[in-house]
Amino acid sequence: MNDTIKSILGRRSIRSYEARPVEKDKIELILDCGRFAPSAVNRQPWHFTVVTDRKLLDKISAANRQVLLQSSDEQVRERAKDPKFDSFRGAPMAIFASGHKEAKYAAADCANAIENMALAAYSLGLGSCYIASFRHAIEKPEGADLLKELKIPENFEPLYALSLGYGNETLGERAPRRENVTTYIE
Ligand SMILES: Cc1cc2nc3c(=O)[nH]c(=O)nc-3n(C[C@H](O)[C@H](O)[C@H](O)COP(=O)(O)O)c2cc1C
């Protein structure tokens, strides 16, 4: 197996991290890998926001928690009641990918960038987790302040985030994959 295949098959969502910060050169390399993701007509309709200020991540997480506490799903409410609730799972940082509102394929383009960054992080010995749940907080009217704090450029909207850091999780079984998802036409 070559290193690319090993990274794709080895990457896991990491949901527990050491507090130690990620080195700046690694962050830059990971961002470059995001920027080199494919995008529709090479429009690159993304903007990346690197947040190493844990206080801001805590604020987003607290707002997210308030929304989840109102969920109609009991399991979601119970998870939000956990005093250790953290949308970013204790990661020392997160990278947000925002898409241009007028780019038709911005969601796919930003998703490509996030996955590239997740694979790059894995190959550098870092853990990461794709996060979309923070949008609950941001999409509420009260979320406007959080958008300002995130300094999202005009006409962009945050779509996904990637929590990033040195993982300290004891990994259990990996998330199962569905079988029979392919049709061959020969
Ligand atoms: C669009 C998207 C949104 C996700 N949002 C979250 C999230 O908010 N919180 C979380 O813990 N994991 C989130 N995940 C991670 C998935 O739960 C995870 O990728 C899936 O369970 C498979 O596990 P694996 O990444 O370890 O292979 C998200 C993944 C994707 C692709």
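These figures come from a predicted structure and were not determined experimentally.

**Student:** When you look at the overall build of the protein in this model, what are you seeing that I'm missing?
**Tutor:** Helix and strand content of the protein: seven helices and four strands. The order of α-helices and β-strands along the protein, N terminus first, is α-α-β-α-α-β-α-β-α-α-β. Its C-alpha radius of gyration of 17 Å places the protein within 12% of the 16 Å reference for a compact globule of 186 residues. With respect to the three principal axes, the spread of C-alpha positions in the protein is 50 × 40 × 40 Å. Counting every position in the protein, which comprises 186 residues, the buried fraction comes to 28%. Contacts spanning at least 24 positions in sequence make up 83% of the contacts within the protein whose residues lie at least 6 apart.

**Student:** Explanation requested: the sheet that holds strand S1 (residues 46-51) in the structure shown.
**Tutor:** Consider a sheet: its strands pair through backbone hydrogen bonds, and that pairing is either parallel or antiparallel. Strand order across the open sheet formed by four strands is S1-S2-S4-S3, with antiparallel pairing between neighbours. At either margin of the open sheet sits one strand with a lone partner, and together these are S1 and strand S3 (127-131). For this sheet, the mean angle separating the axes of adjacent strands, direction not counted, is 25°.

**Student:** In this structure, what is going on with the environment of Ile 114? I would like to understand it.
**Tutor:** The residue Ile 114 is located in helix H5 (residues 106-123) in this model. Sequence separation between Ile 114 and Ser 7 is 107 residues, and the spatial gap between their C-alpha atoms is 14 Å. Non-local contacts of Ile 114, meaning those with residues more than four positions away in its chain, are made with Ala 97, Tyr 130, Tyr 160 and Leu 162.

**Student:** Please clarify how H5 should be interpreted in this entry.
**Tutor:** Because each turn of an α-helix spans 3.6 residues, side chains separated by three or four positions end up pointing in the same direction. Its 18 residues place the ends of H5 26 Å apart at the C-alpha level, agreeing with the 26 Å of an ideal helix rising 1.5 Å per residue. Buried residues in H5 make contact with helix H2 (24-35), S1, strand S2 (93-100), S3 and strand S4 (156-165).

**Student:** I'm lost on the site of the ligand in this one. Help?
**Tutor:** Around the ligand lies a shell formed by Arg 12, Ser 13, Arg 15, Cys 129, Tyr 130, Ile 131, Ala 132, Ser 133, Tyr 160 and Ala 175. A total of three residues in the shell around the ligand trace back to one element, the largest contributor, which is S3. Here the residues of the shell around the ligand sort into six nonpolar, two polar and two charged.

**Student:** Which parts of the structure should I look at to understand the pairing of S2?
**Tutor:** Within a regular strand, side chains alternate between the sheet's two faces. In terms of residue burial, S2 counts as a mostly covered element, since six of its eight residues are buried. Pairing geometry for S1 and S2, over six bridges, is antiparallel. If you follow Phe 48 over to S2, its bridge partner there is Ala 97. Bridge count for S2 against S4 is eight bridges, and the pairing is antiparallel. Across the sheet, residue Ile 95 finds its bridge partner in S4, namely Leu 162.

**Student:** How should I be thinking about the environment of Ser 128 in this particular structure?
**Tutor:** Turning to its location among the elements, Ser 128 is positioned in strand S3. Owing to 27 C-beta atoms within 10 Å, Ser 128 belongs among the buried residues under this scheme. Separated by 115 residues in the primary sequence, Ser 128 and Ser 13 place their C-alpha atoms 5.9 Å from one another. For Ser 128, the residues in contact, after removing those within four places along its chain, are Ile 14, Ala 118, Ala 121, Leu 162, Ser 163 and Leu 164.

**Student:** Please explain the packing of H2 against H5 as it appears in this structure.
**Tutor:** Between two packed helices, what matters for the description is the angle formed by their axes and the separation of those axes. Where H2 contacts H5, the two axes come as close as 7 Å, and the packing angle between them is 145°. By crossing handedness, the relation of H2 to H5 is classed as right-handed. Contacts between H2 and H5 involve Leu 29, Ile 30, Cys 33 and Gly 34 from the former and Ala 113, Asn 116, Met 117, Ala 120 and Ala 121 from the latter. Split by residue class, the contact of H2 with H5 holds seven nonpolar, two polar and no charged.

Reading the values: the criteria
Residues numbered from 1 in each chain as written. Predicted model: local features only at pLDDT ≥ 70, side-chain atom pairs only at ≥ 80, totals over all residues. Helix = DSSP H or I, 4+ residues; strand = E, 2+ residues; numbered from the N terminus. Rg over C-alpha atoms; globule rule 2.2 N^0.38 Å. Buried ≥ 20, exposed ≤ 12 C-beta atoms within 10 Å, placed from the backbone. Contact = placed C-beta atoms within 7 Å. Pairing = 2+ DSSP bridges. Axes fitted to C-alpha atoms, helices over the stretch in contact; angles between N-to-C directions. Expected span 1.5 Å × (residues − 1). Near = placed C-beta within 6 Å. Nonpolar A, V, L, I, M, F, W, Y, C, P; charged D, E, K, R; others polar. Left-handed = near helix turned anticlockwise from the far one by under 90°.

Honestly, it's all geometry; don't read function into it.
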